[in-house]
There are 2 protein chains.
Amino acid sequence: MIRNISTSEVLYETGREGAAWRVVSGSVRLDRKTPEGDAGFASLAIRGDIIGAETMLFGAYSFTATALSPCTLTSWPEREGSPAPAGDLLKTLIFAERRAAEVIALRYGQAAERVKRLVMLLAAPGADCAGSVHVPLQVTLPPRQDMADITALTLETVSRMVSGLRRSGVLSPTTDNGAVSGNRFSLGSGKIDYLFDTQESLR
Amino acid sequence: MIRNISTSEVLYETGREGAAWRVVSGSVRLDRKTPEGDAGFASLAIRGDIIGAETMLFGAYSFTATALSPCTLTSWPEREGSPAPAGDLLKTLIFAERRAAEVIALRYGQAAERVKRLVMLLAAPGADCAGSVHVPLQVTLPPRQDMADITALTLETVSRMVSGLRRSGVLSPTTDNGAVSGNRFSLGSGKIDYLFDTQESLR
DNA sequence: CGCATTTTTGATACACGTCAATCTCCGTGG
DNA sequence: CCACGGAGATTGACGTGTATCAAAAATGCG
């Protein structure tokens, strides 16, 4: 089974019944409902990640999943109805731990570095097209508030940093069929590692 | 097989061969070796968590594990030699995702809240003694530098916040056999939710 | 007891949060 | 076709929580 979801759409909510999914393209944020009612960012899933595996044990979702960009999902495991084999579960576990380490790293260091790392993570090509031609990577950036929740910054700071990345050439606008689409960018092929430190230096 | 490890001792290193472990007591930090050579904090494991599961796929560890407090480990799965069943792997996956969400939350909010959440996490009783008598929880705090790495604060700020928790009665020194042991505290039973915001208000 | 390491405390600087004012898209209806 | 309005993004000015630098105090260990 395949699902297509658009940005900011909710894939599923905490407590609801459902099954596990594999993120084929796009990116998803997972939130846990805190007692105060506000949804706290819990994890990030990008292409290749499995989400909602807890339903295989509880029958219900532990997190709420929201699309950060247009994305497509497929049921997991592939063969619906049959339980996931141990080998697949092990691989999923290891990938989840690696992804968690990356997300944790997104909340360390200066704002400019964090936002850049997030952009790179979202733009990272899947393992399937490793070693292919050297085309510039492309990203569809999530809403600023989501980027802020992920990096533990504020919406305003993220906006400033994205502007800085544009200005320094790391991100350049992309044209789709003649029209510039708002949040779609291509990564500057020259790995510009220029770091802007303060808000003033961004001008 | 059982291992006893003392604070700051390395359990295993990235790339080394070995097996998976269950943390029976104490706490462990996992680091990934970054290209720059400095070990970046990757994850936190406390009582009940499984670490080193990647060896079941790769044969080698992906992270470096260091004890944050005196802790004991047992081989996992219980029956050495035989592979872990799918059910256990699924449970491990779900626990890992939950723990990751908690660690991510440790890097959000004001310094005082973060340090307090870390202390509470380290002091949390295992699921085995749920609903038991109401005895004050105890913690052995990790070295300040480790607490700083986990919360993405600095050593100095963590020290100030721990002092604040002591002053506000959340943490009180514990005596073991008449001698006050440096980093062992008991949690004030009255849930003091007083939040000190600035460094000045800590005095 | 004396030295090395860790922790605590202090003073100052600055990176980011906060508050607030535009600005840019888009969709909607007159 | 253009005026209108709402939502998200950008930019600016200012305050503050925490990093930084530095020194003293506590702790552990031979």
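Remember, it's a predicted structure, so these values are computed and weren't measured experimentally. (Residues numbered from 1 in each chain as written. Chains lettered and ligands numbered in written order. Predicted model: local features only at pLDDT ≥ 70, side-chain atom pairs only at ≥ 80, totals over all residues. Heavy atoms only, no water.)

Caption draft 1: Geometry of the pattern of salt bridges. Residues and elements named next belong to chain A. Counted under the stated rule, the structure contains 14 salt bridges over all chains. The salt bridge partner of Glu 13 is Arg 16, with a shortest N-O separation of 3.3 Å. Between Asp 31 and Arg 29 there is a salt bridge, with the nearest N and O atoms lying 2.6 Å from each other. Assigned by exposure class, Asp 31 and Arg 29 land together as buried. Salt bridges here are not isolated pairs; linked through shared partners, they connect Arg 29, Asp 31, Asp 146 and Asp 149. (Salt bridge = Lys/Arg side-chain N within 4 Å of Asp/Glu carboxyl O. Buried < 20%, exposed > 50% of the residue type's maximum accessible area, 1.4 Å probe, protein only.)

Caption draft 2: Representation of the nonpolar core in the model. Grouped together as the largest cluster of nonpolar side chains are 58 residues, with contacts concentrated most on Leu44(A) and Leu44(B). Every residue in contact with Leu44(A), bar those within four places of it in the chain, is listed here: Val28(A), Asp49(A), Leu68(A), Arg99(A), Val103(A), Leu106(A), Leu118(A), Leu121(A) and Ile150(A). Judged by nonpolar contacts, the second largest core, of 18 residues, contains Leu90(A), Ala84(B), Leu93(B) and Ile94(B). (Core = buried A, V, L, I, M, F, W, Y, C linked by side-chain atoms within 4.5 Å. Contact = heavy atoms within 4.5 Å.)

Caption draft 3: Seen up close, the pairing of strand 7 (residues 64-67) of chain A. All names here are of chain A. Covered by surrounding structure in strand 7 are Thr 64 and Thr 66 together with Ala 65 and Ala 67, the residues of both alternating faces. Where strand 2 (residues 10-12) and strand 7 come together, 2 bridges link them in antiparallel fashion. Note that in strand 7 the partner of Val 10 across the bridge is Thr 66. Where strand 4 (residues 27-33) meets strand 7, 4 bridges bridge the pair, whose relative direction is antiparallel. Each bridged residue has a counterpart across the sheet, and for Asp 31 the counterpart in strand 7 is Thr 64. (Helix = DSSP H or I, 4+ residues; strand = E, 2+ residues; numbered from the N terminus. Pairing = 2+ DSSP bridges.)

Caption draft 4: Broad picture of unusual backbone geometry. All names here are of chain A. Note that the residue after Trp 76, namely Pro 77, is joined by a cis bond; omega there is 0 degrees. Within the fold, Pro 77 resides in the loop between strand 8 (71-76) and helix 2 (86-105). Positive phi values are uncommon outside glycine, yet Ser 8 reaches one of about 70 degrees. Checked against the element boundaries, Ser 8 lands in the loop between strand 1 (2-5) and strand 2. For Ser 8, a relative accessible area of 43% corresponds to the partly exposed category.

Caption draft 5: Representation of the interface of chain B and chain A in the model. Between chain B and chain A, the contact holds 32 residues from the first and 32 residues from the second. Together chain B and chain A conceal approximately 2700 Å² of surface at their shared face, both sides included; 74% is due to carbon and sulfur atoms. For the chain B face of the interface with chain A, the top three residues by lost area are Leu93(B), Ile104(B) and Arg107(B), together amounting to 23%. At the junction of chain B and chain A, the tally comes to 0 salt bridges. Our count for the contact surface shared by chain B and chain A stands at 2 residue pairs in polar contact (both at pLDDT 80 or more). Of all the secondary-structure elements, those providing two or more residues to the side of chain B that touches chain A are strand 5 (39-45), helix 1 (55-58) and helix 2 (86-105) of chain B. If you tally residues by element for the side of chain B that touches chain A, the top one is helix 2 of chain B, at 16 residues. (Buried area = accessible area lost by both parts, 1.4 Å probe. Polar contact = N/O pair within 3.5 Å; in protein donor to acceptor, adjacent residues only side chain to side chain.)

Caption draft 6: Structural context of helix 4 (residues 144-151) of chain A. Residue and element names in this part refer to chain A. Among the 8 residues of helix 4, 6 are classified as buried, and the element is accordingly described as predominantly covered. Here helix 4 has its buried residues at Arg 144, Asp 146, Met 147, Ala 148, Ile 150 and Thr 151. Count one or two residues on from helix 4 and you reach Ala 152, which has phi positive near 60 degrees.

Caption draft 7: Just the relation of the copies chain B and chain A, in detail. By a simple turn and slide, chain B fits onto chain A: the slide is 0.0 Å along the axis, the RMSD is 0.0 Å, and the turn is 180 degrees. One copy is carried onto the other by what is essentially a two-fold rotation axis. Residue Ala86(B), judged by its C-alpha, is the member of chain B lying nearest the rotation axis, at 2.2 Å. In this assembly, 100% of the residues forming the interface of chain B have copies in chain A that are likewise at the interface, indicating an isologous arrangement. (Least-squares fit on C-alpha atoms with pLDDT ≥ 70 in both.)

Caption draft 8: Expanded view of the side chain of Arg114(A). All names here are of chain A. By secondary structure assignment, the location of Arg 114 is in helix 3 (residues 111-123). At 7.8 Å, Glu 113 is the nearest oppositely charged side chain to Arg 114, a buried residue that forms no salt bridge. Once you skip the residues sitting within four places of it in the chain, Arg 114 turns out to touch Leu 106, Arg 107, Tyr 108, Gly 109, Thr 151, Ala 152 and Leu 153. (Lys, Arg positive; Asp, Glu negative; His and termini not counted.)

Caption draft 9: Summary view of the sheet that holds strand 8 (residues 71-76) of chain B. Residue and element names in this part refer to chain B. Strands sit in the order 1-8-3-6 across an open sheet of 4 strands; the sheet is antiparallel. Across the chains shown, the open sheet's two edge strands, defined by having one partner strand only, are strand 1 (2-5) and strand 6 (50-51). Two strands pair when backbone bridges link them, and strand 1 and strand 8 are joined in this way by 4 bridges, in the antiparallel orientation. Opposite Asn 4, over in strand 8, you have Thr 72 as the bridge partner.

Caption draft 10: Examining the sheet that holds strand 1 of chain A more closely. Residue and element names in this part refer to chain A. Reading across the sheet, the 4 strands line up as 1-8-3-6 and stay open at both edges, with antiparallel pairing between neighbours. Each of the sheet's edge strands pairs with one partner strand only, and the pair in question is strand 1 and strand 6 (50-51). Pairing of strand 3 (residues 20-25) with strand 6, which is carried by 2 bridges, proceeds in the antiparallel orientation. Looking at strand 6, one finds that Trp 21 is bridged to Ile 51.

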